[in-house]
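# What the coordinates show
What follows is the residue order along each chain.
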Amino acid sequence: MAFTEESSYFQTISMFSFSSILLLLLCCYYLIKLLWPVKKSCSLPINWPVMGMLPSLLHNAYRIHEFATDILQETTQGTFVLEGPWFCNLDIVVTSDPANIHHILSKNFSNYPKGTEFRKIFDILGNGIFNSDDELWEIQRKITLSLMNHQNFYKLLERTTWEKIEQGLIPVLDHFVDFQSFDLQDIFQRFTFDGICKLLLDHDPLSLSINLPYVPCEKAFNSTMEALLYRHILPETIWRFQKWFGIGKEKNLSKAWVDFDHFIYSVLENLTNTETSSSKEGVNFDFDCLKTFSEAYESSSSSSGKLKSHVFSGDLKVFLRDTILNLMLAGRDTTSTGLTWLFWLLSKNPSVEIKVRKEIESVLNIKDDDDGRNLKFFSVQDSRKLVYLHGAISEALRLFPPVAFESKSPIKPDILPSGLKLDANAKVILSFYSMGRMESIWGKDCLEFKPERWISSSGNVKHEPSFKFPAFNAGRRTCLGKEMAYIQMKMVAATIISKYKIKAVEGHPIAPIASTILQMKGGFPVNISRRNFIV
């Protein structure tokens, strides 16, 4: 559509006004930074005139999760109102109070949908399960449950996971033995990406190969999560400005969107009218994920008409794209992040690693001369017997939850159990990262890595309520892939711990990245060597 001279004039004036405001904000920020007090008696941010607490937020953006934790540790009920500039409507309620978490995610669930603001920030996820509300979310949830409740789902999961371990993970790790340091986080990300693609699409991108090829879709997840965090921090006008002009984090996000679409649509096109891998290999499961999704889509569409209305315009491929991308995000990022922090914690706590290794050797009956061969036959049922390893994984998820926070907004005014009154559409951040560091929740030893915390007196796995341990979210939106994640992490961890010795490279700073997914900043460089099986 051609712009008239008048509309072009007003657009120029509007852009000039916005640029002036942006310049004013930046000038104020750097002036305040120049005058920033050298020492402060507490971690609570200064509430500046006009600018509010935005300077503190920007000043600590690189360590946003620790910043939130510092603040919440100094509040009486683990809840704080971060006041933004008066003209931006950027006040944010941050909470780590389990009672508030339980209220928002469970008791008053209907008042806290994802909403338009959430979908606006996470628009790249389309109408997948993470972005959906109401009837559409119920349909997406039903479809995902139909997949995971299928009698052959865990057989397929077990087979694809061990194939990737044997054909991808072990050859790559063997390549680096006694050779040079490498980024273990990158290895885990490639492993989980290939694994979830094989599981959902019957397609292995082979990103986990000895030459560690660059696969655009696999790397696109990192830039996506970082950009989405900044959408939470920055006023919408600023990140939209970046998007319009293709600069900053938004430039990377736009490229990631193209990479996701190209990969998923290309695979779907190639899979049209082809056989599943199970039939090719002569293993008749009569089951594959893509077929299950397609059948569920047709069934839901015919029964309710919802999916074929305005949401997907009757396009099965759009539905599959959104559904698969959401599950790829969950399968790739959360599991790889959990494994990365687990192995760092084990490297810092060798006594815990010894106990984990003893349990693996005992439960899986690994002998000194096995060279790990028994691990090949390690089943889903066997994984549930690794109680101490389960505790170690849970501790890693408690201290470093893959999804560091959840954003919510009430439809109607509400009062939280902590007593704070919320207006309709208030911005609320649930800090899961901070929850694992609260003495009021986990005791004075909350910063210690103690798998025993998750073992009952009878020697079984001890379960904690999700609003205390929200690593897999809580309430009705609890992650449907929780069991799947534990199984995969146990299979990978047992393989590596039994066959290799991992040592973190000394001197490399370890910290979580400022992102919605709690990855390790700068990767996790390690050295690896083969180990003997005698403890």
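Computed from a predicted structure; not experimentally measured. (Residues numbered from 1 in each chain as written. Predicted model: local features only at pLDDT ≥ 70, side-chain atom pairs only at ≥ 80, totals over all residues. Heavy atoms only, no water.)

## Looking at the pattern of salt bridges
- In this structure the tally under the stated criterion is 34 salt bridges.
- Salt bridges sharing common partners tie together Asp186, Arg190, Glu218, Lys219, Arg332 and Asp333. (Salt bridge = Lys/Arg side-chain N within 4 Å of Asp/Glu carboxyl O.)

## Details of helix α11 (residues 248-271)
- The terminal C-alpha atoms of α11, which comprises 24 residues, lie 36 Å apart, in line with the 34 Å expected from a rise of 1.5 Å per residue.
- Buried within α11 are the following residues: Glu250, Leu253, Ala256, Asp259, Phe260, Phe263, Ile264, Val267, Leu268 and Leu271. (Helix = DSSP H or I, 4+ residues; strand = E, 2+ residues; numbered from the N terminus. Expected span 1.5 Å × (residues − 1). Buried < 20%, exposed > 50% of the residue type's maximum accessible area, 1.4 Å probe, protein only.)

## Details of empty space enclosed by the protein
- Tallied over the entire structure, the rule returns six cavities of 30 Å³ or more.
- Put simply, the largest cavity is a space of about 900 Å³.
- Every element with two or more residues in the lining of the largest cavity is listed here: α6 (134-148), α8 (184-201), α9 (216-233), α15 (316-348), β4 (405-408) and α21 (482-499).
- At six residues, the largest contribution of residues to the lining of the largest cavity is made by α15.
- Residues of the lining of the largest cavity, tallied by class, amount to 30 nonpolar, 11 polar and five charged.
- Taken as a whole, the second largest cavity spans an internal volume of roughly 280 Å³.
- The wall of the second largest cavity is formed by 18 residues, among which Leu57, Ile64, Ala68, Val94 and Ile429 lie closest to the centre.
- Sorting the residues of the lining of the second largest cavity by element identifies α3 (64-73), β1 (79-82), β2 (92-95), α9 and β7 (427-431) as the ones contributing at least two each.
- When its residues are assigned to classes, the lining of the second largest cavity shows 15 nonpolar, three polar and no charged. (1 Å grid on protein atoms, 1.4 Å probe; cavity = no way out; pocket = protein on both sides within 12 Å on 5 of 7 lines; lining within 4 Å. Points joined across faces, edges and corners; volume = space filled by probe spheres on them. Nonpolar A, V, L, I, M, F, W, Y, C, P; charged D, E, K, R; others polar.)

## What to know about the nonpolar core
- Counting residues in hydrophobic clusters, the biggest one holds 144 residues, and the most contacted among them are Leu200, Met328, Leu342 and Phe343.
- By residue number, the principal contributor to this core is α15, which donates 14 residues.
- With residues near it in sequence (within four places) discarded, Leu200 still touches Leu147, Cys289, Leu290, Phe293, Ile324, Leu327 and Met328. (Core = buried A, V, L, I, M, F, W, Y, C linked by side-chain atoms within 4.5 Å. Contact = heavy atoms within 4.5 Å.)

## Digging into the environment of Trp86
- Note that Trp86 resides in the loop between β1 and β2.
- A relative accessible area of 64% means that Trp86 is categorised as exposed.
- Taking the C-alpha atoms as reference, Trp86 lies 5.8 Å from Val50; in sequence the two are 36 residues apart.

## Focus on the pairing of strand β9 (residues 525-530)
- By the bridge criterion, two bridges tie strand β3 (residues 182-183) to β9 in an arrangement that is antiparallel. The residue bridging Phe182 from the neighbouring strand is Val526, located in β9.
- Sheet topology note: the strand β8 (residues 500-504)/β9 ladder contains five bridges and is antiparallel. Each residue of the ladder has a partner; that of Tyr500, found in β9, is Arg530. (Pairing = 2+ DSSP bridges.)

## Overview of the sheet that holds β4
- In space, the four strands of this open sheet follow the order β1-β2-β7-β4, with mixed pairing throughout. Each having just a single partner strand, β1 and β4 make up the two edges of the open sheet. Pairs of neighbouring strands in the sheet enclose a mean axial angle of 20°, with direction left out of account.
- Strand contacts of helix α4 (residues 98-107): β1, β2, β4 and β7, with the helix running at about 120° to β7, the strand carrying the most contacts. (Axes fitted to C-alpha atoms, helices over the stretch in contact; angles between N-to-C directions.)

## Observations regarding the confidence of the model for the chain
- When pLDDT is averaged along the chain, the result is 85; 84% of the residues meet or exceed 70.
- Averaged over each element, pLDDT in the chain is lowest for helix α12 (residues 277-280) (42) and highest for helix α18 (residues 387-399) (98).
- Within the model, pLDDT remains below 50 along residues 1-18, and this stretch shows six contacts once partners closer than five positions in the same chain are excluded. (pLDDT = per-residue confidence, 0-100.)

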